[in-house]
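# Architecture at a glance
Here are the chains, one letter per residue:
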Amino acid sequence: MVELKARRVGLFGGSFDPVHSAHVALARAALAALPLDEVRWIPAGQPWQKERSLTPAEHREAMVALAIAHEPRFVLDRIELQRSGPTYTLDTVRALDSAEPGTEWVLIIGQDQYAGLHTWRDWQALLGLVVLAVANRPGPPRRPSAEVQRLAHRMVPLPMLDISSTDIRQRVAAGAPISHLVPPEVARYIESHGLYRATPRS
């Protein structure tokens, strides 16, 4: 009897406010380097560590859908958007693992998230359920806490372009171009819906 190979699925969560070209490049790199059967894009509902208010979920979801439409192995997952209250990664992974037992989950995170992983809710339990894939930002790497380094887990380094959603929001508010920072469909969506403007369109 032939043993079926477990599906290997990348989990790529974030505010995606907005999604940008570095997100897409990172997800493509993860598909090839890890390798993965698919990358599950998971827009956050109410991230417990975010201090600022997010753009409404329907806009962030729509922008992700536009950004990933050309890659069939990219899948939009609304699991955190459908959950009320603060969203925790462990709850998301447990729900997915319950619905899709036998799947190997690979959690794609950035250096900043990795450095602060010890502050996440029940992070030790989370690392027992996923393989970590850490994207390296340009510049000196940020080190995780000694607690995280001591716990056995696998690391898969990935490249990361130097683009941030914060910078894109600031550029839109200042009237600067963003076409080189986001997929064209996303740029058109931001323009047509008047997102991130310093003052509402008259």
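Everything below is about the structure printed above this text.
Please read these numbers as outputs of a predicted model, since none were measured by experiment. (Residues numbered from 1 in each chain as written. Predicted model: local features only at pLDDT ≥ 70, side-chain atom pairs only at ≥ 80, totals over all residues. Heavy atoms only, no water.)

### Looking at the pattern of salt bridges
- Per the stated rule, a full pass over the model turns up 11 salt bridges.
- Linking arginine 28 and glutamate 71 is a salt bridge whose minimum nitrogen-to-oxygen distance equals 3.4 Å. Taken together, the residues span a long stretch of sequence, with arginine 28 in helix α1 (residues 21-33) and glutamate 71 in the loop between α2 (57-68) and β3 (74-76) at a distance of 43 residues.
- When its relative accessible area of 41% is taken as the criterion, arginine 28 is described as partly exposed. (Salt bridge = Lys/Arg side-chain N within 4 Å of Asp/Glu carboxyl O. Helix = DSSP H or I, 4+ residues; strand = E, 2+ residues; numbered from the N terminus. Buried < 20%, exposed > 50% of the residue type's maximum accessible area, 1.4 Å probe, protein only.)

### Here's the deal with the environment of proline 177
- Inspection of the secondary structure puts proline 177 in the loop between α7 (165-174) and α8 (184-193).
- Accessibility expressed as a relative area gives 52% for proline 177, which makes it exposed.
- C-alpha separation for the pair proline 177 and alanine 187, spaced 10 residues apart in sequence, amounts to 9.2 Å.

### A short note on the pairing of strand β2 (residues 38-43)
- Burial runs high along β2: six of the six residues are buried.
- Judged from the six bridges that link them, strand β1 (residues 8-14) and β2 form a sheet pairing that is parallel. Among the inter-strand pairings, glycine 13 is bridged to a residue of β2, identified as isoleucine 42.
- Once the chain exits β1 it traverses α1 before rejoining the sheet at β2, and the crossover so formed is right-handed.
- Summarising the sheet, β2 and β3 pair through three bridges and their orientation is parallel. Following the sheet pairing, tryptophan 41 is matched in β3 by leucine 76. (Pairing = 2+ DSSP bridges. Right-handed = clockwise from strand over helix to strand, strands pointing away.)

### A closer look at the side chain of serine 165
- Looking at the secondary structure, you find serine 165 in helix α7.
- Serine 165 sits in the buried class, given a relative accessible area of 14%.
- Of note is the side chain of serine 165, whose polar atom sits 2.8 Å from the backbone oxygen of proline 18. (Polar contact = N/O pair within 3.5 Å; in protein donor to acceptor, adjacent residues only side chain to side chain.)

### Points about the nonpolar core
- Of all hydrophobic cores here, the largest spans 37 residues; its most connected members are Val39, Trp41 and Ile108.
- Elements with a minimum of two residues in this core: α1, β2, α2, β4 (104-110), β5 (130-136), α7 and α8.
- Sort the elements by how many residues they give to this core and α1 lands first, with six residues.
- When residues no more than four places from it in sequence are discounted, the contact partners of isoleucine 108 are Gly10, Leu11, Phe12, Leu26, Ala30, Leu36, Val39, Ala133 and Leu158. (Core = buried A, V, L, I, M, F, W, Y, C linked by side-chain atoms within 4.5 Å. Contact = heavy atoms within 4.5 Å.)

### Some thoughts on the packing of aromatic side chains
- Applying the stated criterion across every chain, the model contains four aromatic pairs.
- Where phenylalanine 12 meets phenylalanine 16, the ring centres are 5.5 Å apart and the plane angle is 85°; that geometry is what we call edge-to-face. In this structure, phenylalanine 12 and phenylalanine 16 share a single accessibility class: buried.
- Ring centres 5.5 Å apart and planes at 65° place the aromatic pair tryptophan 41 and phenylalanine 74 in the edge-to-face group. Taken together, the residues tryptophan 41 in strand β2 and phenylalanine 74 in strand β3 connect sequence positions 33 residues apart. Grouping residues by exposure puts tryptophan 41 and phenylalanine 74 together as buried.
- Here the aromatic cluster, defined as three or more aromatic residues joined through ring pairs, consists of Phe12, Phe16, Trp41 and Phe74.
- Seen from the ring of tyrosine 88, arginine 121 lies directly overhead, with NZ or CZ sitting 4.4 Å from the centre. (Phe/Tyr/Trp six-rings, centres within 6.5 Å; stacked < 30°, edge-to-face > 60°. Lys NZ or Arg CZ within 6 Å of the ring centre and 35° of its normal.)

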